[in-house]
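What follows is each chain in one-letter form.
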Amino acid sequence: MYISDTNYHQLRLYVIKHATLHGFKVQDCDDIFHDALLHMVEYNIPAIDRYKIIWKYIGKHRERRHRESKRQVEYDDNKER
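In this text the structure is predicted, and so the values were computed from the model without any measurement. Throughout this description, residue numbers start from 1 for each chain and increase along the sequence as written. Only residues with pLDDT of at least 70 are given local features in this predicted model, and only at 80 or more are side-chain atom pairs given and counted; all residues enter the totals for whole chains, interfaces and linings. To get the side-chain values, all heavy atoms of the structure are used, and hydrogens and water are removed first.

Enquirer: A description of unusual backbone geometry should follow, citing residues and the corresponding values.
Expert: Of note in the backbone geometry, Asn44 takes a positive phi value of approximately 50° without being a glycine. The secondary structure listing takes helices from DSSP runs of H or I that are at least 4 residues long and strands from runs of E that are at least 2 residues long, numbered from the N terminus. One can find Asn44 in the loop between helix 2 (26–43) and helix 3 (50–69). Residue exposure (1.4 Å probe, protein chains only): buried if accessible area is under 20% of the type maximum, exposed if over 50%, otherwise partly exposed. A relative accessible area of 52% places Asn44 in the exposed class.

This is the structure in structure tokens:
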């Protein structure tokens, strides 16, 4: 599978645009884009389905963030005992 430089940058900006709407930072967007791009290359995804894959990985990262936020323990070192 070949992605031209312009398509690469368009897809990256698409991920940044839509993932930041869900509260992700730019570094998280790059991680999402990397995971999606790796999936596209491994499975030789046609150009028409690339945006589906991007949304799939945005959803996976949202689920992971939600799942990990439930495991957070409150930091109570500064509370009076």
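And the narrative resumes.
Enquirer: Report on helix 3, specifying residues and quantitative values.
Expert: The end-to-end C-alpha distance of helix 3, which contains 20 residues, comes to 29 Å, matching closely the 28 Å that a straight helix rising 1.5 Å per residue would cover. Regarding helix 3, the residues found buried are Arg50, Ile53, Ile54, Tyr57, Ile58 and His61. Seen end-on, helix 3 carries its buried residues on one side only, within an arc spanning 140°. Those residues of helix 3 that are exposed and aimed more than 90 degrees away from the buried face are Lys52 and Glu63. Residue contacts are counted whenever heavy atoms from the two residues lie within 4.5 Å of one another. Those residues of helix 3 hidden inside the fold are in contact with helix 1 (5–20) and helix 2. Expected helix span is given by 1.5 Å per residue-to-residue step, counting one fewer step than there are residues. The directions considered for the arc are those from the helix axis to the C-beta atoms.

Enquirer: How would you summarise the side chain of His18 if you had to cite specific residues and measurements?
Expert: Its place among the elements puts His18 in helix 1. Assessed through its relative accessible area of 16%, His18 is described here as buried. Setting aside residues up to four positions removed in sequence, His18 forms contacts with Trp55 and Ile58.

Purely geometric numbers; function is a separate question.
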